[in-house]
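Now for the letters of each chain:
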Amino acid sequence: MSTVQPLSGITVVDFTQVFMGPSCTQLLGDYGADVIKVERPGTGDIARTSIPDPAGLDNPIFLSINRNKRSISIDTRTEEGLKAVQELVRGADVVVSNFRAGVMERLGLGYEALRELSPRIIWASGTGFGTSGPYAHKGGQDAIAQAYGGVMWRRVADDDPVTLYPTTLCDYTTGMHLLQGILLALLHRDRTGEGQKVEVSMYDSMLHMQMQEACQQLNRGSEINWAAMPLTAVLPTSDGALIMVGGFKANPLHHISRALELDEDLGERAEFDTLEKQFAHRPELQRIFAEAVVGKSTDYWVKRLEEEDILCAPVRSLEQTLDDEQTAVNNMIVEMDHPVAGRIRALNAPIHLSEGAATVRRVPPQLGEHGEEILGELGYDMQQIAVLREKGILR
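As the structure is a prediction and not an experimental result, all values here were calculated from the model.

Engineer: In this structure, what is going on with the pairing of strand 8 (residues 241-245)? I would like to understand it.
Structural biologist: The side chains of a regular strand alternate between both faces of the sheet. As defined by bridge partners, strand 7 (residues 232-236) adjoins strand 8 across five bridges and the pair is classed as antiparallel. If you follow proline 236 over to strand 8, its bridge partner there is alanine 241. If you look at the hairpin formed by strand 7 and strand 8, you'll find four residues sitting between the two strands. As judged from the four bridges shared by strand 8 and strand 9 (residues 311-314), these two strands associate in the antiparallel manner. Directly across from valine 245, in strand 9, lies its bridge partner leucine 311.

Below is the structure:
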């Protein structure tokens, strides 16, 4: 396996915080980029203080998305701090942020200003809603994006309560779109020598996630709700629950009936013999499925359904999934020794390359841990660094 990674030699100046941006820049670092995390003095990335934890600023939330980065804690609102960051940008390839629209410009770090310093710079920004339009001024946050993006409204049944999806799918999706944009811009620069601006928003990412649903709505005036398909069911069992997805067969109800040990073949009943009728009688179908499985274990019914080649799975907790053999086989957990947090375990990069695979070269940084090292690389001597510390510009 090659020790040369795809992004070796790429320098990223990282102003991101919380989850959307750091999830993007961590992957850049995992695949070889030198990621320099610029943090506010005193508190740093908001993720450092998002939950109370014995490790303080080095809590698991921060640790999960900030490995393979170096941290400099510097006040960019001061003339000296801004100058130092500008020098950092001169030698960089990519600048990444996920502030509200206009914040980087107000800091003197907008695309036009940084392009004057380095025409080859790739300036990448993730926002809540984009940089123009009626919502551009609003802050982006996962729950807000779910609500504005049309994701939260869709439920399995109309009388189900509107609820929040508990995993930050909007932040993550937008972070991955931001990553894709940066990689595309790097490819473009390799061919043309030109830097550029890359912009993504949580609003757009939530819409794009619903490509199929949106096309159906735009062209047919009706909604597709994959969770409400009549032969898809979450079924409580004697010791938990399973999900069954009855599809991809000529007559799935025939196989479901056999798997669930029903007394009749539901596929032969007139009220269920077409998909349209199955939608019309969905409550009755769901009741039949639920009554059939409630008395036996999840493992029993998963085995029976798999014998009939019906897609199914046990409904598991995150703890159970992390402990699954498949998780270990896929090398999805990495371990690191952190000077404050001790031995930590986190999720590995999910992209498996036969050459230039993801590595853990640096544990997540302590706040400002590499400030002197980074400034030294820019040509600052120890006296200049000491002055910045005395003024509180560098922490």
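Engineer: For this particular structure, what's the right way to read helix 13 (residues 298-307)?
Structural biologist: Helical geometry note: an α-helix holds 3.6 residues per turn, so side chains three or four residues apart project in the same direction. Of all the positions in helix 13, only Thr298, Trp301, Val302, Arg304 and Leu305 are classed as buried. The buried residues of helix 13 occupy an angular sector of 165° when the element is viewed end-on, so they sit on one face. Of the exposed residues in helix 13, those oriented more than 90 degrees away from the buried face are Asp299, Lys303 and Glu306. On its buried face, helix 13 is in contact with strand 8, helix 10 (252-259), helix 12 (282-293) and strand 9. Of the residues trailing helix 13, aspartate 309 is marked for its positive phi of about 60°.

Engineer: When you look at the nonpolar core in this model, what are you seeing that I'm missing?
Structural biologist: If you look at the biggest cluster of nonpolar residues, it comprises 28 residues, and the most contacted ones within it are Phe15, Val38, Ile72, Ile74, Val95 and Leu375. Mapped by element, the contributors of at least two residues to this core are strand 2 (34-39), helix 3 (79-90), helix 5 (111-117), helix 16 (371-377) and helix 17 (382-390). Apart from residues lying up to four places away in sequence, valine 95 is in contact with Val13, Phe15, Val89, Met104, Leu114, Ile121, Ile122, Trp123 and Ala124. With 22 residues, the next largest nonpolar core counts Cys24, Leu28, Ala185 and Val200 among its residues.

Engineer: Could you clarify how one ought to interpret the sheet that holds strand 7 in this entry?
Structural biologist: Within a beta sheet, neighbouring strands are joined by backbone hydrogen bonds and run either parallel or antiparallel to one another. Taken in spatial order, the three strands make up an open sheet running 7-8-9, and their pairing is antiparallel. The open sheet has two edge strands, strand 7 and strand 9, and neither has a second partner. Pairwise comparison of adjacent strand axes, ignoring direction, gives a mean angle of 15° for this sheet.

Engineer: When you look at the side chain of histidine 370 in this model, what are you seeing that I'm missing?
Structural biologist: Position of histidine 370 relative to the elements: it lies in the loop between strand 11 (342-347) and helix 16. In this structure, histidine 370 is in contact with Lys69, Arg70, Ser71, Arg362 and Pro365, ignoring residues within four places of it in sequence.

Engineer: What is the right way to look at the packing of aromatic side chains in this model?
Structural biologist: Between two aromatic rings, the relevant description is the distance of the centres plus the angle of the planes. Counting across every chain of the model gives eight aromatic pairs. Measuring from ring centre to ring centre gives 5.8 Å for phenylalanine 129 and tyrosine 203, while their planes differ by 45°; the resulting arrangement is tilted. You can see phenylalanine 129 sitting in the loop between strand 5 (122-127) and helix 6 (142-148) and its partner tyrosine 203 sitting in helix 8 (residues 202-209), a full 74 residues away along the chain. The class of phenylalanine 129 is buried, set by a relative accessible area of 11%. Since its relative accessible area comes to 26%, tyrosine 203 is described here as partly exposed. Clustering of aromatic rings is evident, with ring pairs tying together Phe129, Tyr135, Tyr148 and Tyr203. Residue placement shows arginine 48 over the ring face of phenylalanine 62; its charged tip is 3.7 Å from the ring centre. Above the plane of the ring of tryptophan 153 lies arginine 155, whose end atom (NZ or CZ) is 4.5 Å from the centre.

Reading guide: rules and limits
Residues numbered from 1 in each chain as written. Predicted model: local features only at pLDDT ≥ 70, side-chain atom pairs only at ≥ 80, totals over all residues. Heavy atoms only, no water. Pairing = 2+ DSSP bridges. Helix = DSSP H or I, 4+ residues; strand = E, 2+ residues; numbered from the N terminus. Buried < 20%, exposed > 50% of the residue type's maximum accessible area, 1.4 Å probe, protein only. Arc of directions from axis to C-beta. Contact = heavy atoms within 4.5 Å. Core = buried A, V, L, I, M, F, W, Y, C linked by side-chain atoms within 4.5 Å. Axes fitted to C-alpha atoms, helices over the stretch in contact; angles between N-to-C directions. Phe/Tyr/Trp six-rings, centres within 6.5 Å; stacked < 30°, edge-to-face > 60°. Lys NZ or Arg CZ within 6 Å of the ring centre and 35° of its normal.

So, to be careful, I would describe these as geometric facts and stop short of saying anything about function.
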